[in-house]
Amino acid sequence: MARSFDRIAATKPVVFLLALVPMGWLAWKVSQNALGPDPVAQLEHNTGIWALRFLLATLAITPARKLTGWNALIRFRRMLGLFAFFYASVHLAVYLIVDLGGFWSQILVEIAKKPFVTVGFLAWLLMIPLAITSTRGMMRRLGRNWQRLHRLVYASGLFAALHFLWQVKYGETIAAIEPVIYAGIFAALMLARVPHRLIKRRTGTPAGSAPANTTRSQ
Amino acid sequence: MADRIGLPINPSEITPESVYLRRRTLLKGLALMPSLLAGCSDAVEPPAEAAAGDELPGTKLIFTHNSTFSSREVQTSSKDATHYNNYYEFGTDKADPAQNSSGFKPKPWSVEIAGKAGITGTFTLEDILKGHALEERIYRLRCVEAWSMVIPWVGIPLAAVLKRFQPASSARHVSFTTVARREQMPGLGYPVLDWPYREGLRIDEAMHPLTLLAVGIYGRELPAQNGAPLRLVVPWKYGYKSIKSIVRIEFVEQQPETSWNQSAPDEYGYYSNVNPAVSHPRWSQGSERRIAGDGFNLFGNRLQTLPFNGYADQVASLYAGMDLVRNH
């Protein structure tokens, strides 16, 4: 146990740096004018897709623990979740400041009236309370409510997947493949949670028994 | 002709953003001065940026620059204009057309003229162009996806060509068809649209002096990804109306079927005039991201979209009394 603790603690900075690689790569591309004819669209697409990837990675921790029995995985979850929020915030900032910069009235119209923008904005909005309450102190203070609050991540994931799907131009079958794959991964990660709960209910395990998660390895 | 419709670009319609862009270009222009002066001595003020088409593979064309019909905004680089294309017959990604069109053969080319006209039949491209002097016009291109470019086209007014075929008075619309060669256009393997691609114009739109039948871009023959060897450029309408690689022109009585309208009538109307007041169901058309200049500048590329893409003075009268929201 002690040995595994050390290993996780040592791995965390590596994961942190790896999570920054897409950002660094984008910054480099911008500095080299290597993002193609429409660099703003590329920035939007890339920051958005990395936000979604980190969100899905965060959602994959619980099913992965169940599958592998490697419970230490949970210790990466907060970092992955915060990186999802980070990339989503950069994504939104690029859209608002770089892309729509100066066209402030249009921003409100787009968020209010364009469904794909609305759901994307909601996905980001729902992440704010999760990011704020991600500290150990907040976790302690909120107690059981912390877990309840953090179920918002499911809604955020759903909205993020929808946001990606909804912007595909009609008839663009090929362009739809990627969003459909991501939506499929999200659906699979959600489904992976369902049987566990059903089984728990059927076998009559007390709902509050936290160790149920950890003892069901393999 | 120029006298009748006047200057297509009023200085008053230039937005503050483009003023900013022009200022940026002025500095660059100092370095480019000699080449600018060589290219267009008739211009009141030289076009904002030299049309650098030297890396394009097509043959150089001989033409006169039509400054009356040309925008003086910062031009899109020839690289961007030829590597960021919507031409689904070569693939749906913007980079696909440049990548997947090397097997396309624009020569020899012929166009079928059909329908309500005195002269119909199949004509070679050379026959169609014979006797017409090529001219260059720098037009704004506004894509329905809310990005835009400024492109120097080389071509002839469509009206001059159409008149030679003596359209009948019953010809109220003109229907255009793009070539569909399965073996040369890999995108045709996917049912994205109901191939072949078709577009249409009302006869008065087709006959309007701004409507150009283009054969070149940046002073050279059109590359395949830009619609070689013959395409339409209708600058006051969304880009998809400017049909590429035309093989058939038909004079018809009724409003013809058009590909995008057929696939999603709510999103793409028959007229498809650039209109900031009519939103696409999923995004606003109130502004656009201009792809022009060297591309290093990430900020300040957004411009206000103008009614009829800034060509309202010339074309708004075509739609007098029409509900442009319903007839979008």
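This text follows the structure it describes.
Residues numbered from 1 in each chain as written. Chains lettered and ligands numbered in written order. Predicted model: local features only at pLDDT ≥ 70, side-chain atom pairs only at ≥ 80, totals over all residues. Heavy atoms only, no water.

Engineer: What should I look at first to understand the overall build of chain A in this one?
Structural biologist: Across its full length, chain A carries eleven helices and zero strands. Traced from its N-terminal end to its C-terminal end, chain A shows the element sequence α-α-α-α-α-α-α-α-α-α-α. The buried share of chain A, taken over its 218 residues, is 39%. Long-range contacts, defined as pairs at least 24 residues apart, comprise 67% of the intrachain contacts of chain A with a sequence gap of at least 6. Put simply, chain A shows about 12100 Å² of open surface, and 69% of that area lies on carbon and sulfur atoms. (Helix = DSSP H or I, 4+ residues; strand = E, 2+ residues; numbered from the N terminus. Buried < 20%, exposed > 50% of the residue type's maximum accessible area, 1.4 Å probe, protein only. Contact = heavy atoms within 4.5 Å. Areas by Shrake-Rupley, 256 points an atom, 1.4 Å probe, with all protein chains shown as cover.)

Engineer: Looking at this structure, I do not really get the pattern of salt bridges. What am I missing?
Structural biologist: Residues and elements named next belong to chain B. Within this structure, the stated rule accounts for 18 salt bridges over all chains. The closest approach of N and O atoms between Glu205 and Lys237, which form a salt bridge, is 2.7 Å. Pair noted here: Glu205 is in helix 7 (residues 203–206) and Lys237 is in the loop between strand 10 (231–233) and strand 11 (246–252), with a separation of 32 residues, a long-range link. In this pair, the class of Glu205 matches that of Lys237, namely buried. Across the pair Glu250 and Arg248 runs a salt bridge, and its minimum N-O distance is 2.7 Å. Classification of Glu250 as partly exposed rests on a relative accessible area of 23%. One salt-bridge network, in which partners are shared between bridges, spans Glu73, Arg140, Arg142, Glu288 and Arg290. (Salt bridge = Lys/Arg side-chain N within 4 Å of Asp/Glu carboxyl O.)

Engineer: What exactly am I supposed to notice about helix 2 (residues 39–68) of chain A here?
Structural biologist: Residues and elements named next belong to chain A. Helix length check: helix 2 (30 residues) gives 41 Å between terminal C-alpha atoms against 44 Å at 1.5 Å per residue, within 8%. At Ile61, helix 2 shows its largest kink, close to 35 degrees, and the proline Pro63 lies no more than four residues downstream. Positive backbone phi, approximately 75 degrees, marks Gly69, located one or two places after helix 2. (Expected span 1.5 Å × (residues − 1). Bend = angle between axes of the 7 residues up to and from the residue.)

Engineer: I tried to follow the nonpolar core on my own but got confused; where do I start?
Structural biologist: Trp153, Phe176, Leu232, Trp236 and Phe251 of chain B are the most contacted members of the largest nonpolar core, which totals 77 residues. Broken down by element, the residue count for this core peaks at six residues, all from strand 5 (residues 147–157) of chain B. For Leu232 of chain B, the residues in contact, after removing those within four places along its chain, are Leu158, Phe176, Leu201, Leu212, Leu213, Lys241, Ser242, Ile243 and Ile246 of chain B. Membership of the second largest hydrophobic core comes to 39 residues, among which are Ile8, Phe85, Ile111 and Trp124 of chain A. (Core = buried A, V, L, I, M, F, W, Y, C linked by side-chain atoms within 4.5 Å.)

Engineer: Mind showing me how you'd approach the sheet that holds strand 2 (residues 110–115) of chain B here?
Structural biologist: Hydrogen bonds between backbone groups are what pair the strands of a sheet, and the pairing can be parallel or antiparallel. All names here are of chain B. One open sheet holds the five strands; their spatial order is 3-2-11-6-7, and the pairing between them is mixed. Pairing within the sheet leaves two strands with one partner each, and these edge strands are strand 3 (121–124) and strand 7 (198–202). Strand-to-strand twist in this sheet, taken as the mean axis angle between neighbours without regard to direction, amounts to 20 degrees. In the sheet, strand 2 pairs with strand 3 via four bridges, with the strands oriented antiparallel. For Ser110, the partnering residue across the bridge sits in strand 3 and is Thr124. (Pairing = 2+ DSSP bridges. Axes fitted to C-alpha atoms, helices over the stretch in contact; angles between N-to-C directions.)

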